[in-house]
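# A structural walkthrough
These are the residues of each chain, in order.
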Amino acid sequence: MSRIMRKLNQWTAHLFDLPQDIVSDVPRVSLIGNRKLFVENHRGIVHFSNENMRLSLAKGELEVTGSELVIRGIWTEEICIEGYIAEVKVHGMEDTKS
């Protein structure tokens, strides 16, 4: 995304008091303890097993490692993962500072 577009998105979010994730194509990750993970703004599942999962993002991938991982719900841009979550990593996202 060009610098001008990022600035315009930031200005729009500030003007209308919107969260950055709505206008910026960045993932929103909500972890409840180490048992439940919600990811919004994903682009699909790259890999899934009971110990490792990778989701495609607009820029990069999100990797989750743990044990007994299961998909509890999957929607167009949101997914719910349950199990024993040990680690969550983001790979390949560029710095979003302007």
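What comes next is a walk through the structure. (Residues numbered from 1 in each chain as written. Predicted model: local features only at pLDDT ≥ 70, side-chain atom pairs only at ≥ 80, totals over all residues. Heavy atoms only, no water.)

### Observations regarding the pattern of salt bridges
As enumerated under the stated definition, the model contains three salt bridges in all. Among the ionic pairs, E82 bridges to K36, the shortest N-O distance being 3.3 Å. Taken together, the residues span a long stretch of sequence, with E82 in strand β6 (residues 78-91) and K36 in strand β2 (residues 36-40) at a distance of 46 residues. Residue E82 pairs with R72 through a salt bridge whose shortest N-O separation is 2.9 Å. On the criterion of sequence distance, the pair formed by E82 in strand β6 and R72 in strand β5 (residues 61-74) is long-range, its members being ten residues apart. Classification of R72 as exposed rests on a relative accessible area of 57%. Each of the salt bridges in this network shares a partner with another, and the network as a whole consists of K36, R72 and E82. (Salt bridge = Lys/Arg side-chain N within 4 Å of Asp/Glu carboxyl O. Helix = DSSP H or I, 4+ residues; strand = E, 2+ residues; numbered from the N terminus. Buried < 20%, exposed > 50% of the residue type's maximum accessible area, 1.4 Å probe, protein only.)

### Thoughts on a nonpolar patch on the surface
Taken together, the side chains of M5, L8, W11, L15 and F16 present a nonpolar region at the surface, about 550 Å² in accessible area. With respect to the helices, strands and loops of the structure, M5 is situated in helix α1 (residues 3-15). (Patch = residues over 30% accessible without salt bridge, like charges linked within 9 Å, V, L, I, M, F, W, Y side chains within 5 Å. Areas by Shrake-Rupley, 256 points an atom, 1.4 Å probe, with all protein chains shown as cover.)

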